[in-house]
Amino acid sequence: MADEEFLQVKDLRKWFPITGGILGRTRAHVKAVNDITFSIRRGETFGLVGESGSGKSTVGRCILRLLDPTSGSVMLDGVDIANLKPKKLKPFRRKMQIVFQDPYASLDPRQTVKGALVEAMRSSGAVADAEAATRAAKELIQRVGLNEDHLNRFPHEFSGGQRQRIAVARALATNPEFVVLDEPTSFLDVSVQAQILNLLKALQKDLKLTYLFISHNLSVVEHMSDRIGVMYLGKIMEIGNKNVVYRYPKHPYTNALLNAIPIPDPTVPRVPAMLIGDVPSALNPPSGCVFSTRCSYVKQICHDKEPPLREVAEDQFSACHFSEEFSFETVISKVQQAETKRGNAAGAPSSSG
Amino acid sequence: MGQATEEVLSKKDNQARPVLDIKGLMVDFTTYAGVVKALDGVILDVKKGEALGLVGESGCGKSVTAATIEGLLPDNAHVVGGEVLLGEDDLLKKSKSDMRKIRVNDVAIVFQDPMTFLNPVLTIGTQLTEVIDMEEGIVDKEALKVLEEEGKPKPPTTGGNASGKPWKPTRSLRKKALRRLATQALSKVGLPDPDRIFDEYPHELSGGMRQRCMIAMAIARNPVLFIADEITTALDVTMQAQILDLLRALRRDFESSILIITHDLGVVASICDKVSVMYAGSVVETADIREIFANPLHPYTQGLLKAVPKVMGEKELDSIPGSVPDLIYPPAGCRFHPRCQYAWDLCAKEKPPHIETAPRHWVECHLYKEMKTSG
Amino acid sequence: MRKGMDETMPAPPPKRVSPMVAEVRYALHLLTLNKLVLAGIGLAVGLTLLAIIGPFFVPANTPNAINFQLGSQSELGNPNIGWAHPLGVDTYGRDTLSLIILALGLDMGAAGLVVGIGLVVGVLLGVTAGYIGGKIGEAIMRITDIFLALPLFIWALAIAAVLTRSLNSLIIALATVSWPGYTRIIRGQVLVEKGKPYVEGLQAVGVARWRIMLRHVVPNSIFPLLVQATLDIGGVILTLAALTFLGVGLTPLVPELGQMVSNGTTYIQIDPALITIPGLFIVAISLSFNLVGDGLRDVLDPRLRR
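The rules behind these values
- Along every chain, residues carry numbers that run from 1 in the direction the sequence is written.
- Labels follow written order: the first chain is A, the first ligand is 1, and so on.
- Given that this is a predicted model, residues contribute local features only at a pLDDT of at least 70 and side-chain atom pairs are listed and counted only at 80 or more, while totals for whole chains, interfaces and linings are drawn from all residues.
- The side-chain figures draw on all heavy atoms in the structure; neither hydrogens nor water molecules are used.
- Comment: elements are numbered from the N terminus, with helices defined as DSSP H or I runs of at least four residues and strands as E runs of at least two.
- Relative accessibility under 20% of the residue-type maximum defines a buried residue, over 50% an exposed one, and the middle range a partly exposed one, all with a 1.4 Å probe and only protein chains included.
- Every residue pair with non-hydrogen atoms within 4.5 Å of one another is taken to be in contact.
- The Shrake-Rupley method, run with a 1.4 Å probe, gives the accessible areas here. Residue values count only the displayed protein chains as cover.
- Patch building starts from residues that exceed 30% relative accessible area and form no salt bridge, then joins like charges within 9 Å and nonpolar side chains (Val, Leu, Ile, Met, Phe, Trp, Tyr) within 5 Å.
- When a carboxyl oxygen of Asp or Glu is within 4 Å of a side-chain nitrogen of Lys or Arg, the pair counts as a salt bridge.
- Ring pairs are drawn from Phe, Tyr and Trp, using the six-membered ring of Trp, whenever the two centres fall within 6.5 Å, and their geometry is named by plane angle: stacked under 30 degrees, edge-to-face over 60, tilted for the rest.
- Note: buried area is the sum, over both parts, of the accessible area (probe 1.4 Å) each one loses when the two are combined.
- Throughout this description, a polar contact denotes any pair of N or O atoms lying within 3.5 Å of each other; where both atoms belong to protein, one of them has to be capable of donating a hydrogen while the other can accept it, and for residues adjacent in sequence the pair is counted only when both atoms sit in side chains.
- Ten residues, namely Ala, Val, Leu, Ile, Met, Phe, Trp, Tyr, Cys and Pro, are considered nonpolar, four, namely Asp, Glu, Lys and Arg, are considered charged, and the remaining ones, Gly among them, are considered polar.
- Per-residue confidence from the predictor is given as pLDDT, running between 0 and 100.
- Helix axes use the C-alpha atoms of the stretch in contact, all axes being lines fitted to C-alpha atoms, and the angles between their N-to-C directions lie in the range 0 to 180 degrees.
- When describing relative orientation, an angle under 35 degrees is termed roughly parallel and one over 145 degrees roughly antiparallel, while 65 to 115 degrees is termed roughly perpendicular and anything else oblique.
- At least two DSSP bridges between two strands are needed for those strands to be called paired.

As for the overall build of chain C
Of regular secondary structure, chain C possesses eleven helices and zero strands. When the helices and strands of chain C are listed from N to C terminus, the series reads α-α-α-α-α-α-α-α-α-α-α. Counting the 306 residues in chain C, one finds 44% classified as buried. A separation of at least 24 residues holds for 73% of the contacts in chain C among residues at least 6 apart in sequence. Accessible area of chain C: about 15,600 Å², with a carbon and sulfur share of 68%.

Set out below in structure tokens:
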């Protein structure tokens, strides 16, 4: 295991049983996460993308043991936390935290900000006594861009963006090394989102954090991540460096996904939608490759044999039988090239937004 | 109007009266906490065949504007000024029953969440045919077509039948005709197997398909204005792409005017001709789509464009400091001035007028002066 | 533009109130919107005050259940009793108004006890069932189902037969059938709160389960229960009166509304007021509490808020 690999997820599975009948027998399973393998390096931001039903949120919760995985392992700094008994888990709980999607439901509405922070610190053992906790709370709230008198207020007195800041503060209260960010800006306006994303980036640098950034918003993920994992129906389709994957993906699903992003630039040519129809149900995923029912390059082998996730280019992994034959180039790549040309022609650096 | 503007306008078929013309609309809401001055003089227009994107963040008033056009404001809302002209009629002066007719025939709206719009206990077919049947004579016409195709004798269309009354199709004939019209509408929105979907219930369909059904119901009456209120916000990106393709195709084929309400600048860039940017109850900037991205004038628009991640590998996002104002106690003068880096004392005193600073580019900001007109 | 918008309107300084206070204030505001509910609240408050303060004004020689004096039955049906007995006299010669005042206290106190015990037991069991779930939760819910299935009158009769005929046995009987309802309600609420992200957040941070349950989940789920309890007070009083009317549980001399009605049935032709007056008060109490409960339920209805 490489020294820099901080978190290693191997063959992670989370199946939700569907019970039925008088005796409550298990009739079927929702295969939300189905044999996922990937790793995150220390200090990086790993972006996990996927559409609804892909299982990305479930992965986050399984890693944090908010849900117990059905099988598989999660190695954090050498210890398999997926299979630890709850009592042994407590010291590891400190190291990893989560920021949720909904700023309006992620805090107890009847608890003050200070109460929430102090409770977090004391429950995790990050701090010795009440006085130290108060001092730490003051420091923490300022670090996320709010100030001391906000400590005595209640969540409903804040805006969505401010609440997310508080949620980040609460996550940082235990001095974690690893933070799962589960759609942290989906419910926020664009301008507020920018503030929160900038804050997260600054915190990562200052506190040397490792992030797992889960989102369905591909532009935000591109901005935040170093490496990307693309999920579909419980399985990983592609993993790789962000710049490579966003421009030259090796999996047809990734290609379709990236070309569907509406780019905020009217001069960019519109690509007609590549994927038709809907995602199949996770109760009964297609046999063979889960994407086979919607793939434009599908062949018989795709229905018969599930393609393993393998390295198809340097540090780029794909779960497709034919990855080596594809040389996709996304709209994003073409637009970036055009930008660079324009920038060079104008003799000035291209506008970076 | 200057000569330059006139030339530009005469090139497109747009010099006719706009389909929708909102002039200085002001709407207040009375709530427990106080009076929310939600709309503070909204000015926008949509021309025939045009797709206008109404962009803004939460609380800017875009949904309230849509609700006002549709006559769907709640009881605690009061229109305190302005006009909403659909063609020549002021919708604000219409009675409730008139608005109901208008909602059906002229201005269709599709919302973000199809599940709240579709009745869960009725099949898609029942709901769709209900809408189609509202138009006088359309079913009869289709029934005649059915008879023709089946080779049956056509009834006399004038003079009535034996008892002197005009001909009416039988119930089964009506059902057939309605079903045909409905399945045609469903296939127009790109639904595969419309015959099967006709008999299905909303919960049996996926989100994207429900959205398409809603669009089918909306366009069934060939409305002159079609309002899409955040219809792709809840959809996955691949489904969103399909819906946008559909909207583009519908525009091509039907020439209806569309008002697209969204907070996503990418969606706007991919389908709109013109954009109006709203902030805290007024339209702060309106321009053609390329113009607004290339040359945003209002500081808020500039800030917004800089805050959006554009998949270009930018390092930092510029955010707009502060947050959206409380509309019960809004800032005086220009509502954006507390957050504006260019603000000076005039901005805190007077609300800037809505002026045309360049051809077909309007801004509400004291930084800019009215475009000089020649002659 | 707008008239009078030229000066900046200053926002009032933010009031630092806890969410409970803010909610209560808003709830009160909503309550005042419905006139019927207001009337109900007024009546309920009035009756409660009467029950609490009234007994101090009851003349000393009015018998209560313990010491009584048989008065003369000749006063029955006498229309000229005058102000000494503004509501008349009962079959034992006791002043009706005094009896009503004492009975109000008795009834409302008993109903309060019933609901109180039911709440405590119901909350304990319901929270456990909801939060811990699993087999324990299932077991609790099945026991709850059993108690829900008890037929009220027969159960009350049985209890009265086994225990002594007294108010306490009635209270016990009624409490045992009232807690299951609360268990179900709060279990539902707990399940809802459990699913909310803030509970997951607390778990992630490492807060102990019991602490999450008691300090976070319970305070957030208790409101609908209080609504139901208020509604129930009216219902319990009705049931209590019915039971005592049928002769279950109480001796004839106890000042209790149902008992008074029962006593009066024999003399209905001489003095119908013996039945109507206590009857009216029974209606008044249950109606007023029902209205209050209704109002509270409306207040909680999310569609009517904000």
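Remarks on a nonpolar patch on the surface
Taken together, the side chains of Val45, Leu49, Ile52, Ile53, Phe56 and Phe57 of chain C define a hydrophobic patch exposed on the protein surface, amounting to about 690 Å² of accessible area. Among the structural elements, Val45 of chain C can be located in helix H2 (residues 35-53).

Some points on the packing of aromatic side chains
All names here are of chain B. Evaluation of the coordinates by the stated rule reveals twelve aromatic pairs over all chains. A centroid spacing of 5.0 Å and a plane angle of 85° characterise the contact between Tyr279 and Phe336, whose relative ring orientation is edge-to-face. With a gap of 57 residues between them, Tyr279 in strand S9 (residues 274-279) and Phe336 in the loop between helix H13 (299-307) and helix H14 (345-349) connect regions that are remote in the sequence. When its relative accessible area of 3% is taken as the criterion, Phe336 is described as buried. On the basis of an interplanar angle of 65° and a centroid distance of 5.4 Å, the ring pair of Tyr300 and Phe336 is categorised as edge-to-face. Of the two residues, Tyr300 sits in helix H13 while Phe336 sits in the loop between H13 and H14, which places them 36 residues apart along the sequence.

Some points on the interface of chain C and chain A
Contacts between the two partners involve 22 residues from chain C and, on the opposite side, 25 residues from chain A. Each partner contributes to the roughly 2,100 Å² buried at the junction of chain C and chain A, and carbon and sulfur atoms together form 54% of this total. Inspection of the region where chain C meets chain A yields two salt bridges. For Arg61 of chain A, the salt bridge identified is with Glu200 of chain C, shortest N-O distance 2.7 Å. The tally of links between chain C and chain A comes to six residue pairs in polar contact (both at pLDDT 80 or more). The leading source of residues in the side of chain C that touches chain A is helix H7 (residues 197-205) of chain C, at eight residues. Each residue belonging to the side of chain C that touches chain A can be placed in one class, and the counts come to ten nonpolar, six polar and six charged.

Quick notes on the confidence of the model for chain A
When pLDDT is averaged along chain A, the result is 87, and 95% of the positions lie at 70 or above. Of the regions scoring below 50 in pLDDT, residues 348-353 of chain A engages in nine contacts with residues more than four places distant in sequence or in other chains.

Notes on the packing of H7 of chain C against helix H8 (residues 209-221) of chain C
Residues and elements named next belong to chain C. Interaxial distance between H7 and H8 falls to 12 Å at its minimum, and their mutual angle equals 170°. Taken together, the axis directions place H7 and H8 in an arrangement best described as roughly antiparallel. Counting all contacts with H7, which are made through Tyr198, Val199, Leu202 and Gln203, the residues of H8 involved are Ile212, His216, Val217 and Asn220. Its residues assigned to classes, the contact of H7 with H8 comprises five nonpolar, three polar and no charged.

Quick word on the interface of chain B and chain A
Each partner contributes residues to the interface: chain B has 43 residues there, and chain A has 41 residues. Between chain B and chain A, a total of about 3,600 Å² is buried, with carbon and sulfur atoms accounting for 60% of that surface. When residues of chain B are sorted by the area they lose upon contact with chain A, Thr238, Val311 and Met312 of chain B head the list and together hold 19% of the total. Counting every contact that joins chain B to chain A gives zero salt bridges. At the surface where chain B touches chain A, the tally comes to twelve residue pairs in polar contact (both at pLDDT 80 or more). Every element with two or more residues in the side of chain B that touches chain A is listed here: helix H10 (237-254), helix H11 (265-271), helix H12 (289-294) and H13 of chain B. In terms of residue class, the side of chain B that touches chain A is built from 19 nonpolar, eleven polar and 13 charged.

What to know about the pairing of strand S10 (residues 235-241) of chain A
All names here are of chain A. Of all seven residues in S10, six are buried, a share of seventy percent or more. Sheet analysis places strand S9 (residues 227-232) next to S10, joined by six bridges and oriented antiparallel. When the bridges of S10 are listed, Val230 appears paired with Glu238. Hairpin geometry of S9 and S10 is characterised by an intervening segment of two residues between the two adjacent antiparallel strands and by a positive phi of about 50° at Leu233.

What about the pairing of strand S10 (residues 282-288) of chain B?
Looking down a regular strand, the side chains alternate between one sheet face and the other. Residue and element names in this part refer to chain B. In terms of residue burial, S10 counts as a mostly covered element, since six of its seven residues are buried. Relative to S10, S9 runs antiparallel, the two sharing six bridges. Within S10, the residue paired with Met278 across the bridge is Val283. Where S9 folds back on S10, the antiparallel hairpin that results is connected by two residues, among which Ala280 adopts a positive phi of roughly 45°.

As for the pattern of salt bridges
Residues and elements named next belong to chain A. The final tally for this structure, using the stated rule, is 39 salt bridges over all chains. Across the salt bridge formed by Asp77 and Lys95, the nearest N and O atoms sit 3.8 Å from each other. Separated by 18 residues along the polypeptide, Asp77 in the loop between strand S4 (71-76) and strand S5 (79-80) and Lys95 in helix H2 (residues 86-95) bring together distant segments of the chain. A relative accessible area of 38% places Asp77 in the partly exposed class. In the salt-bridge network here, residues are joined through shared partners; they are Arg13, Asp35, Lys235 and Glu306.

What to know about H13 of chain B
Counting buried residues in H13 of chain B gives eight out of nine residues, a clear majority hidden from the surface. Residues of H13 of chain B that are buried: Pro299, Tyr300, Thr301, Gln302, Gly303, Leu304, Leu305 and Ala307 of chain B. The secondary structure elements touched by the buried residues of H13 of chain B are helix H6 (190-207) of chain A together with strand S3 (51-55), H11, S9, S10 and H12 of chain B.

Side note on the sheet that holds S4 of chain A
All names here are of chain A. As summarised here, the arrangement of the four strands in space is S2-S1-S4-S5, forming an open sheet in which the pairing is antiparallel. Only two strands of the sheet have a single neighbouring strand rather than two, namely strand S2 (25-41) and S5. Two elements, strand S1 (residues 5-20) and S4, share five bridges in a ladder whose sense is antiparallel. From the neighbouring strand, Arg13 faces S4, where its bridge partner is Ser71. Across the sheet, helix H1 (residues 56-63) lies against S1, S2 and S4, angled at about 110° from S1, the strand it touches most.

Quick look at the sheet that holds strand S8 (residues 210-215) of chain A
All names here are of chain A. Across the sheet, which stays open at both edges, the eight strands sit in the order S6-S7-S8-S3-S9-S10-S12-S11 with mixed pairing between neighbours. Of all the strands in the sheet, the pair left with one neighbour each is strand S6 (96-99) and strand S11 (310-313). For this sheet, the mean angle separating the axes of adjacent strands, direction not counted, is 25°. Packed onto the sheet, H1 meets strand S3 (45-50), S6, strand S7 (178-182), S8 and S9 and runs at close to 150° relative to S8. Sheet strands touched by helix H9 (residues 252-259): S9 and S10. Its angle to S9, the strand with the most contacts, is close to 100°.

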